[in-house]
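Architecture at a glance
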Amino acid sequence: MLRPRIVLWLSRTLRSTRSLCRAGFMEGQPQGPPNPAEMENGTGPCGEERASEAQETTVTEGAAKIAFPSANEVFYNPVQEFNRDLTCAVITEFARIQLGAKGIQIKVPGEKDVQKVVVDLSEQEEEKAELKEGAPLAPGDQPRTAGVGEICEEGLRVLEGLAASGLRSIRFAREVPGLQSVVANDASARAVDLMCRNVQLNGVAHLVHPRQADARTLMYQHQKASERFDVIDLDPYGSPAPFLDAAVQAAFLAGLLCVTCTDMAVLAGNSGETCYSKYGAMALKSRACHEMALRIVLHSLDLRANCYQRFVVPLLSVSADFYVRVFVRVFTGQAKVKASASKQALVFQCVGCGTFHLQRLGKAAGASGGRVKFSAACGPPVSPECEHCGQRHQLGGPLWAEPIHDLDFVGRVLEAVSTNPSRFHTSPRIQGVLSVITEELPDVPLYYTLDQLSSAIRCSTPSLLQLRSALLHAGFRVSLSHACKNAVKTDAPSSALWDIMRCWEKECPVKRERLSEASPAFRILSVEPRLQANFTVRDDANPSSRQRGLKRFQANPEANWGPRPRARPGGKAAGDAMEERRKLHQNKRKEPPDDPVQRAARLKTFPCKRFKEGTCQRGDQCCYSHGPPAPEDATAAASPDLPETSSQNPPRSGIATGPGVD
């Protein structure tokens, strides 16, 4: 009994000594950001050695060079380079407008001197008009300038709430002129450590200031007018809904708010109740779901801003790839907030033919003395059954019913990118998307698609030029949409649109005997068209962006591209083994063609989850494997009889080191 007591006493003594040493060591460490010198020597702020360079990946994007771990500990998606390029272009033009009002001219690398002269002349003309009423400038005065990488004392204060590796903030510092400071914030200590290293690597420590805090807490701490940010960028993993309330309060007067939403399954109508809980609106499954997602996000932003007597004005709203991106300015004004109800609308959508109608929530009417009288709107605009096919309606929204772009601002960004195409790697796509946006009808919410109209009446699909020409011949306006390749955005009423499709069906007849009398196609085609459509192709039916062959929509940039998995502490590296495992689990529960032996052999390749938990009672009769899991290391898999120390091998050469690693 004496020996166990001695061992127990020694273990307790060593444990207390270890805790005291750890406490003393932590008290001697500074509480501020990590020391860059220690990082360069390979030690972190707590004296721990960093991962070897072989386990890191270096990515060059724009003017920034970023190092991040190959393991999925810090999030990075190379497909969103278009998102980051577009953000840099938008903030540059926003800085040009904001600093131009203060008499400061920005210098963008790559811009020609001719453009600067034009800007100077226009500014001088405005100054001359103002100087007629005020004191003249001294003859030696020169306009102030702000360049890239320089601290502008009257420049923009930028916040990136969820910075991850700091790539976006570093690109702001190295590519956007007229900045006063950039706060790169993240709640992950590993991400902040990586940000500090990348800031030192790019030499922008004078502009970019890493912070570790909850993004909501940080923005709530900057609600005072003197502490607010001119630009707030939110690009979270998934929904930005938890951060919107704090963001609309931390934005400066007329400040810029940039928000990305990647939860498109929710915004596109797969979970309407989830969309309502996050954004305060019901999303519908519709062919126009991508534009509807943009309008739902704008509605949510305006709704949260109205709580604080603020409102938003959209500058640019883009649906691209697997996400939506909105750029809005935040203003303050009690009188303007009253008009917000008249900017929102409910959507009545037919479940049969897809016809939709919008119902405004409020009504703004002019009164005597130049005043505006606000009241509740009258409705609904539809009967319980669809007038075209007799089916019922679904109710969605509320959503933003006003224009989602500022065409003047979009034109400025498009001109800047077109005259300096070498500035961004994705400049061709930015030009294509912005060109289509400038061609969109700003006052027409949502759109139809060619396949939607033709499938509703079970006929062949007309060409895009034929349908656009028929609408133009009938006296209506029509445009494309950047959110969908075969979209038809028009101000024609639904009755005229279906009359055009009835005329098209007469040229390409449908076998009526195959249609059910209760089907939407039979009911639509049973009515004679009152409008005689002309499908002769017009010259103005083909928009300019389509004629020039601009890159309007994304081509597949890489294999298995799309949303990346969420970054996690100690995340595994994305190597060949992970790709093989992903392929193995695809179509896991789909039966192969009529071969029970092949199906049984396939199911045996998957481990039994109940066996791992110790609850499987089928034994050998279980269709899944009860064997030990295969070791991840290829050497261990080839030699299962090796001792346990063989698992401590160096990393495999198959680990991916390209930019596709998260």
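Throughout what follows, the structure given in this document is the object of discussion. All values reported here derive from a predicted model rather than from experimental measurement.

**Describing the overall build of the chain**
The helix and strand inventory of the chain stands at 23 helices and 19 strands. In the chain, which comprises 662 residues, the proportion classed as buried is 45%. Of all intrachain contacts in the chain linking residues separated by at least 6 positions in sequence, the fraction that spans at least 24 positions is 68%. As displayed, the chain offers around 34,100 Å² of accessible surface, 53% of which is attributable to carbon and sulfur atoms.

**Things to note about the packing of helix α3 (residues 81-100) against helix α5 (residues 167-175)**
Look at α3 against α5: their axes get within 10 Å of each other, and the N-to-C directions meet at 40°. Here α3 is positioned oblique relative to α5, judged by the angle of their axes. In this structure, α3 crosses over α5, and the sense of that crossing is right-handed. Facing α3, whose interface residues are Glu-81, Asn-83, Arg-84, Asp-85, Thr-87, Cys-88, Ile-91 and Thr-92, α5 presents Leu-167, Arg-168, Arg-171, Phe-172 and Glu-175. Here the contact of α3 with α5 is composed, by residue class, of four nonpolar, three polar and six charged.

**Some details on empty space enclosed by the protein**
For the structure on display, the rule yields three cavities of 30 Å³ or more. Estimates place the volume of the largest cavity at around 70 Å³. Lining the second largest cavity are Arg-502, Glu-505, Lys-506, Arg-512, Leu-525, Val-527, Glu-528 and Pro-529. The element that contributes the greatest number of residues to the lining of the second largest cavity is helix α17 (residues 494-507), accounting for three residues. Across the lining of the second largest cavity, the residue classes break down as three nonpolar, no polar and five charged.

**With respect to the side chain of Asp-85**
Position of Asp-85 relative to the elements: it lies in helix α3. Those residues in contact with Asp-85 that sit more than four places away from it in its chain are Arg-171, Phe-424, His-425, Thr-426 and Ile-430.

**What to know about the nonpolar core**
One finds Met-219, Ile-232, Leu-257, Leu-267, Ile-296 and Leu-301 to be the most contacted residues of the largest nonpolar core, which totals 83 residues. Sorting elements by how many residues they give to this core places helix α11 (residues 289-306) first, with eight residues. Counting 52 residues, the second largest nonpolar core, distinct from the first, contains Val-90, Ala-184, Leu-256 and Leu-316.

Thresholds, definitions, all that
- Residues numbered from 1 in each chain as written.
- Predicted model: local features only at pLDDT ≥ 70, side-chain atom pairs only at ≥ 80, totals over all residues.
- Heavy atoms only, no water.
- Helix = DSSP H or I, 4+ residues; strand = E, 2+ residues; numbered from the N terminus.
- Buried < 20%, exposed > 50% of the residue type's maximum accessible area, 1.4 Å probe, protein only.
- Contact = heavy atoms within 4.5 Å.
- Areas by Shrake-Rupley, 256 points an atom, 1.4 Å probe, with all protein chains shown as cover.
- Axes fitted to C-alpha atoms, helices over the stretch in contact; angles between N-to-C directions.
- Parallel < 35°, antiparallel > 145°, perpendicular 65-115°, else oblique.
- Left-handed = near helix turned anticlockwise from the far one by under 90°.
- Nonpolar A, V, L, I, M, F, W, Y, C, P; charged D, E, K, R; others polar.
- 1 Å grid on protein atoms, 1.4 Å probe; cavity = no way out; pocket = protein on both sides within 12 Å on 5 of 7 lines; lining within 4 Å.
- Points joined across faces, edges and corners; volume = space filled by probe spheres on them.
- Core = buried A, V, L, I, M, F, W, Y, C linked by side-chain atoms within 4.5 Å.

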